[in-house]
Structures are given as structure tokens and as C-alpha cells.
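Chains, contacts and geometry: an overview
Next come the chains, spelled out residue by residue.
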2 protein chains.
Amino acid sequence: MRRIERHASFGGWQDVYEIDSTALGVPTRVGVYLPPQAAHGRCPVLYWLSGLTCSEQNFIAKAGAQRHAAEHGLILVAPDTSPRGEGVADADGYDIGIGAGFYVDAIQAPWRQHYRMHEYVVHELPAWVEGTFAANDARGISGHSMGGHGALVIALRNPGRYRSVSAFSPIVAPSKVPWGAKVFAAYLGSDRASWNEWDACALAGTAVERLPLLVDQGLDDEFLDSQLQPERLRAACEATGHPLHLRLRPGYDHSYYFIASFMGEHVAHHAAALS
Amino acid sequence: MRRIERHASFGGWQDVYEIDSTALGVPTRVGVYLPPQAAHGRCPVLYWLSGLTCSEQNFIAKAGAQRHAAEHGLILVAPDTSPRGEGVADADGYDIGIGAGFYVDAIQAPWRQHYRMHEYVVHELPAWVEGTFAANDARGISGHSMGGHGALVIALRNPGRYRSVSAFSPIVAPSKVPWGAKVFAAYLGSDRASWNEWDACALAGTAVERLPLLVDQGLDDEFLDSQLQPERLRAACEATGHPLHLRLRPGYDHSYYFIASFMGEHVAHHAAALS
């Protein structure tokens, strides 16, 4: 591992590391915020999954989460959104390939060689975090848009690994909307039944663990009707009794200004479950 | 004026406008944060001047100031750092020309045609703000690096116009360090005595108004010794009895991670003077 950046931040440290990922088969960058409490003992970890086109930089620069993490004593871990670099497959469009890993494990060529973000985020990354920093194994996960999809799917697919989950503006039914359907066809193939394993609305119907889902969604989000459709998640959770706290926020859009406005509430939600 | 961006943020609105500036002779962009209180009455205004290479975007995206402005009921106004666009003089280097207006009124060709940031920030911009938004005439000013220089110089040069001033990592003695000397020679000419009118350390010796200066400076700032030299400001203020609260922060660097960490304290400082 190589430390690429280190900045003092709210009494702790905002670092960026490059690690050689086995799951991805390439070096990958990850933002790690160590709160002041990590100098004195082990802290819980909140993982953040970013959206389309993002790297590890967007969250660490714009979300204002360090302040809240320092208050509650949480480590923040923000991985990249896909493998990238030499030899990594890509395609035209911001919504497929580099910057658009969708937190799945691809099984179709040419994607399957490197696009294994689920394996990386769920197993390899926590093992590295918990073996490298003053982290305990209390894990929460959150994210935005494509990363909100990732957070919900990862928590629902992996009972027992996460104590808390939340999402901002998530793609709740990727099987049913253009962003998800395009990528799932490429990464997972044409068998639509298999897509359900990567679809929060489908998973909410079969989850064995009733982890409550906290979701914030801006009502002036430019992707609300075309790609996000939070009412699908409400319907899926109501049908199966899965606990959901869906908050619709008038006036807010899809940007980090929305995320920053409610980040404090999300961090507090995770801290209550993790501490 | 044209509204370029509008984002809901902490119960208020983070906008970006493009206005046709008479002082600059070109259209210029400015970030305006309207706190929730501005929907119900007039609010004081805190002006923010950014550093080299920045536009209006850096502060509004990275400083996390909206949260604090919403708490205290302050409008935030973040102008660009220089004129830019067709016909605006430029030169090689990030530290002169576009992105490096230094908040002076240039008198040398080719700069004097558009580089009149002092006139724009001190007179034209507040007149537009106070005539357009629910703003009263209680003004504070702050900034970072080149913008910290700008904030200190503008407050010291214009007694009675600002009720509060603060700076992060300011260039306190531009006449004496490479960043300032290069630009002052270009914008103001070779008469070094005239540079004192744009140098916070020189102005602190002659200011008729004893407005307290609040300055935060990171001790791991990569420009501390070469360009910033806060001890010069301490010496100048001690020599003349000008009130200075200089806080040296171990571990912190020159980045927005430093600014965000102490933005709450600066906004509270301004709010106490402005409200």
C-alpha cells in the first residue's frame, strides 16, 4: 500500500491510499478518514460507495462527513467506483465501464477480468481496513445513486456483515431502469432472473435479516423518475414487511449539496448502530 | 444577471450567478448562499475570497460553510478570483493573470483594462448583493491564501465598510514574498512604495480603524515559510498595537480540509460581529 495523500481534518486525518487489489487485479485508490478517537482505540467503520463518474475524491472533498465522523468516532472508507488503469475494459458512456462498476461481480467478458467490485468492497477492503487501521469489525455502509444501490444490495446480500445501512438517492431497482439494465446486460448477461441478486427491490423481498433501510431522496432530483423511482422500494418493503425509513426531501437535487445537508443525520444513524 | 446553478443546501439555496461587471468589464460568476433566514428577512453578508487557481466553485463545494451560515443566518458571497474570458489578459503561470487577480486594481498595461478586483469586490459586488437579495449592509470578509491577503487588505483599506475580518493561511506580506512581488510588479509597476497600499503588514501599521484580525494558519502548510510568513503579521500588529488573533494549527496544511475544519469558528466569529 502507498499513501498518496494525507490531510489533517477535524482533529483526525483524511488519507488516500493506493492498494494492490486481488479482487480487481489492479491498483486502486481509497479514501480513509481516521477520526481523533482512532489514535486511542479501535473505531467502527462506515463504508461509502460513490456514484457514476466518481472516484474516491468526490466524497472526501464534498460531503462534509469528516466533521460528523470526528464527532462520533467513526472511520470513513471511500473506495473508487470501478477498477481503472491499464488493461481495464471500458466502453463509451459515463454509465458503463470505468467509473461505473455498479458494485457487482461481472461474469461476462470483457468485464469479468477486473469488474469485481462486490468482492472487493465486501471482503478484500474490510480485511485490509481492519488489518491496517485502528478499526474494529462493526461495519456500516452507505452511498449515493449507483453507490446507494451498492450499499443497499451489499447489506441485503450479506446478512451479519453490516450493522447499519443507508443511501442517498439510490438506484433501487437497477433491473428496471436504463442505468442498471444497460450495465447488467453487459456485466451479467441476458438472463434477467440473475439480475435479481443485484437489485435492492428484489432482495428486500427475500432478505433473511431485517436490517432497517434509511433512504433520503431529493424531490427535485433530475433522475428521480427516470432512474431512481424510490416508490418501487417502498412497495417492495411494504409487501414483505422489510423496515424502511424513506425520507422525501422537497427542493433537493442529486448533488453533493443534498448529501452534505443530511450527512450528519446519516452518520448519527450509523453511529447509533455501530458504537 | 443570469442564474447558472441552484441547489437546495441546509434548508437554504446555494446559487451561482453570472453578472456583467462594470469594474471588470466582463461577465463574472459568483456563488451566493441564501440561508433559510433570508426567506423571512434581511441577513448580514460574509464575503469569501478564494486563493490562486480557484473559481467561485472551490469554496461552495468544499468549505462546508453552508451548514454554519444556515445556523447563524448569514448570506455567503464567493466571487471568482480574477476576471476571465475573451479579451482578458493572461500570462504563463498559475500565480499571475487568470485565477490570480490578487484583489488589487491594476494600473499597468495590459492588466489595467480588466484586473480591478478591489473595485469589484468592495463596491460593485456589495451593491449588487444588497440590491438583489435579502441582504442588509452588515458585511464581513474572509478568504484563503491569496484571498486571505485580499480579505485583510480590503478590510484594512476600507474602514467602516466591514464589521469583521478573518483569513485562513493568508499571504500577509505580498510585497516581500515571491507570489506577491511577481504580480505586484506586473499589475502595479516597479514603484515598491506603492505596493504598501496592498500589503496587510504595511496597512496594519497605518490603519485608522482597529478592526481585530482573526487568522488561522496550519503549521504543515507547504507554503508557510516561502509565501505566507505569519510572523510578519504578528510583528506588524505588535509594533502598532493592532488587534490580532493568530492561531497556529499543528498538522494542518494549505488545503480545504484545513479550511473546513475551522470554518465553523470563523463563521461564528463573523456572526457575532454582524448579527
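Every residue gets a number counted from 1 within its own chain, in the order that chain's sequence is written. Chains carry letters from A onward and ligands carry numbers from 1 onward, assigned in written order. Since the coordinates come from a predicted model, pLDDT governs what is reported: local features require at least 70, and pairs of side-chain atoms require 80 or more to be given and counted, while whole-chain, interface and lining totals use all residues. Remark: hydrogens and water are excluded; side-chain values derive from all non-hydrogen atoms of the structure.

**Some points on the pairing of strand S8 (residues 213-218) of chain A**
Residues and elements named next belong to chain A. Think of it in three bands: with a 1.4 Å probe and only protein chains considered, a residue is buried below 20% of the maximum accessible area for its type, exposed above 50%, and partly exposed in between. We count a stretch as a helix when DSSP gives it H or I for four or more residues in a row; a strand needs E for two or more, and each element gets its number in order from the N terminus. A large share of S8 lies buried, amounting to 6 of its 6 residues. With burial as the criterion, each face of S8 is covered, one bearing Leu213, Val215 and Gln217 and the other bearing Leu214, Asp216 and Gly218. We call two strands paired when DSSP finds no fewer than two bridges between them. Where strand S7 (residues 164-168) and S8 come together, 4 bridges link them in parallel fashion. If you follow Ser166 over to S8, its bridge partner there is Leu214. Bridge analysis of S8 against strand S9 (residues 244-249) gives 6 bridges, and the strand direction is parallel. Counted as the bridge partner of Asp216 is Arg247 from S9.

**Notes on the packing of aromatic side chains**
Any two rings among Phe, Tyr and Trp, with Trp reduced to its six-membered ring, count as a pair given centres within 6.5 Å; such a pair is stacked if its planes are under 30 degrees apart, edge-to-face if over 60, and tilted if neither. A full pass over the atoms with the stated rule returns 32 aromatic pairs over all chains. Between Tyr17 of chain B and Trp128 of chain B, the ring centres sit 5.7 Å apart and the planes meet at 70°, which makes this aromatic pair edge-to-face. Here Trp128 of chain B lies in helix H3 (residues 117-132) and Tyr17 of chain B lies in strand S2 (residues 12-21), a separation of 111 residues in the sequence. You can call Trp128 of chain B buried: its relative accessible area is 15%. Over a ring means this: the NZ of a Lys or the CZ of an Arg is within 6 Å of the ring centre and within 35 degrees of the ring normal. Against the face of Phe262 of chain A rests Arg249 of chain A, its NZ or CZ located 3.9 Å from the ring centre. Its guanidinium or amino end placed over the ring of Trp198 of chain B, Arg157 of chain B lies 3.7 Å from that ring's centre, counting from NZ or CZ.

**A closer look at the sheet that holds S8 of chain A**
Residue and element names in this part refer to chain A. A sheet is described by the order of its strands in space; here 9 strands give the open sequence S1-S2-S3-S5-S4-S6-S7-S8-S9, paired in mixed fashion. Every interior strand has two partners, whereas the edge strands, strand S1 (2-9) and S9, have only one. Between one strand and the next, the sheet's axes are offset by a mean angle of 20°, whatever the strand orientation. Whether two residues are in contact is decided by their heavy atoms, any of which lying within 4.5 Å being enough. Each axis is a line fitted through C-alpha atoms, taken for helices only over the stretch in contact, and angles between the N-to-C directions span 0 to 180 degrees. Lying over the sheet, helix H3 (residues 117-132) contacts strand S2 (12-20), strand S3 (27-34), strand S4 (43-49), strand S5 (75-79) and strand S6 (135-143), oriented at roughly 140° with respect to S6.

**Some remarks on the UniProt feature "active site" (unreviewed entry) in chain A**
Residue and element names in this part refer to chain A. As recorded in UniProt, the sites labelled "active site" (unreviewed entry) are Ser145, Asp221 and His254. Taken together, the annotated residues stretch across 110 residues yet fold into one region, lying no more than 10.7 Å apart by C-alpha. The topology assignment puts Ser145 in the loop between S6 and helix H4 (146-157). Not counting residues within four places of it along the chain, the set of residues in contact with Ser145 comprises Phe168, Ser169, Pro170, Ile171, Trp179 and His254. Position of Asp221 among the secondary structure elements: in the loop between S8 and helix H8 (224-228). Discounting chain neighbours no more than four positions away, the residues touching Asp221 are Ser169, Leu228, Tyr252, Asp253 and His254. UniProt positions are given in the numbering used here, feature names are shortened, and annotations may be inferred rather than shown by experiment.

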